[in-house]
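For reference, the chains in residue letters:
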Amino acid sequence: MRVTVPAATTGGPDAADRPTGGPRPESADAERERLLATWEDLAVARLPEDSPAWRTPEVSVVAEAVVAGSPLAEHLFALGYQRSVDGAGPAELRADVEALAEAAGLGGRALRPAEVFEHASRGMDAAVAGTLLEAALVDPSTGFDTPVALLGALWSSARRRCRLGDELWVCRWVAHEGTWRTVELRMIVASTVRALLDGPDLAVFLGDSAIAVIFDDPARQSAVEAAVSGIRNLIVTETVVHEVPGLGSLPKLTGWLLETCPELTATVLRGAQS
């Protein structure tokens, strides 16, 4: 007896590997985009209107990891770090990651909001700590290095006896009374000197009327001195080159630096009180 099988029921050799009914499975790319769209809608509704731009590369990486079922800790850390760099605070970060957990849950992927926030907040904490560390080395208002950076460079040089740090160039000046405010003069000096420095050079304000520079190439000392002397309403009173001693301990080197540059004492104490 001959039996005819209807074509609609054959489906080809891979029919058993495909669902027999209902919608086809969503591709990973489509699922990621759907997650991103849902997450963004939920997050933006919870965030202040003046929040930084929401979609960043870190957001896309987190969404991709959620869809792939990959570990999230590293990516959430990066997200929290970038959110802090962009100006977000802990409350905004919590709202953001809670929106992520809700969006993932709507897609059938359960996340624990507290755990997600913990990983992201570690990144935010690291960004804050990084800012504090950088502020200990670089003055954000002038772009000059700080006394802490100067001492560190001198100590490194004293231990290694490398060329950088063998000499400390100091320049002191006075300004004509009533011409410049202190903060304005500092900015003018900073921009003038920075334009002549090379990458390895290190410049520090010792106080309101003095700077110290460690030159990688001492030949640049005269050019910087001439540039500072050329600033209007400013009179250079002294330039001195100090040879950095090969002291064997950090306290001894610190004592030498504060004795050589007495302006630093008031600067450091004033910074500690602010």
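Residues numbered from 1 in each chain as written. Predicted model: local features only at pLDDT ≥ 70, side-chain atom pairs only at ≥ 80, totals over all residues. Heavy atoms only, no water.

## Describing the pairing of strand E2 (residues 202-207)
Note the following rule: Relative accessibility decides the category of a residue: with a 1.4 Å probe and only protein chains considered, values under 20% of the type maximum give buried, values over 50% give exposed, and everything between is partly exposed. Helix and strand definitions follow DSSP, with helices as H or I runs of at least four residues and strands as E runs of at least two, each counted in order from the N terminus. Pairing between strands requires that DSSP locate at least two bridges from one strand to the other.
Within E2, 6 of the 6 residues are buried, leaving the element largely enclosed by the surrounding structure. Strand direction decides the pairing type here: E2 and strand E3 (residues 210-214), joined by 5 bridges, are antiparallel. Along E3, the bridge assignment pairs Ala203 with Val213.

## Side note on the packing of aromatic side chains
Here is the rule we go by: Between 30 and 60 degrees the pair is tilted, below 30 it is stacked and above 60 it is edge-to-face, where a pair is any two Phe, Tyr or Trp rings, Trp via its six-membered ring, whose centres lie within 6.5 Å.
The full count for this structure, using the stated rule, is 3 aromatic pairs. Centre to centre, the rings of Trp169 and Phe215 are 5.8 Å apart; their planes meet at 70°, and the pair counts as edge-to-face. With Trp169 in strand E1 (residues 167-175) and Phe215 in the loop between E3 and helix H8 (221-229), this pair connects stretches of sequence that are 46 residues apart. Phe215 sits in the buried class, given a relative accessible area of 4%.

## Things to note about the environment of Leu257
Threshold: Note on contacts: a residue pair qualifies if any of its non-hydrogen atoms lie within 4.5 Å across the two residues.
With respect to the helices and strands, Leu257 occurs in helix H9 (residues 250-260). Relative accessible area serves as the criterion here: at 4%, Leu257 is assigned to the buried category. Note: C-alpha distance between Leu257 and Leu150 (107 residues apart in sequence) is 9.4 Å. For Leu257, the residues in contact, after removing those within four places along its chain, are Leu150, Leu151, Leu154, Leu168 and Leu264.

## What about the pattern of salt bridges?
As a reminder, the rule being used: By convention in these notes, a salt bridge is any Lys or Arg side-chain nitrogen within 4 Å of a carboxyl oxygen on Asp or Glu.
What the rule picks out here adds up to 15 salt bridges. Put simply, Arg172 and Glu263 hold a salt bridge, and the shortest N to O gap is 2.4 Å. Remark: Glu263 occurs in helix H10 (residues 263-273) and Arg172 occurs in strand E1; sequence separation between them is 91 residues. Classification of Arg172 by relative accessible area gives buried; the value is 15%. What makes Glu263 partly exposed here is its relative accessible area of 23%. Put simply, Asp201 and Arg220 hold a salt bridge, and the shortest N to O gap is 3.0 Å. With Asp201 in the loop between helix H7 (182-194) and E2 and Arg220 in the loop between E3 and H8, the pair connects residues that are 19 residues apart, well separated along the chain. Here Asp201 and Arg220 have matching classes, each one buried. Linked through salt bridges whose partners overlap, the residues forming this network are Asp29, Arg32, Glu33, Glu40 and Arg55.

## A look at the side chain of His119
Take His119: it is sitting in helix H5 (residues 113-137). Other than its neighbours up to four places away in sequence, His119 contacts Ala73, Leu76 and Phe77.

## Notes on the sheet that holds E1
Rules: In this analysis, axes come from line fits to C-alpha atoms, helices being fitted only over the stretch in contact, and the angle between any two N-to-C directions falls in the range 0 to 180 degrees.
The antiparallel open sheet is built from 4 strands, whose spatial order is E2-E3-E1-E4. Lying at the two open borders of the sheet, with one neighbouring strand each, are E2 and strand E4 (234-243). Strand-to-strand, the axes of this sheet are offset by a mean angle of 20°, without reference to chain direction. Bridge analysis of E1 against E4 gives 9 bridges, and the strand direction is antiparallel. Looking at E4, one finds that Glu167 is bridged to Glu243.

## Regarding the environment of Ser222
As for its position among the elements, Ser222 is in helix H8. Between the alpha carbons of Ser222 and Thr239 there is a distance of 9.9 Å; along the sequence they are 17 residues apart.

## Some words on the confidence of the model for the chain
The criterion, for reference: Confidence scores labelled pLDDT are given residue by residue by the predictor and lie between 0 and 100.
Residues with a pLDDT of 70 or more make up 85% of the chain, whose mean pLDDT is 83. Low pLDDT, under 50, characterises residues 1-24; the predicted model gives this stretch 5 contacts beyond four residues in sequence or across chains.

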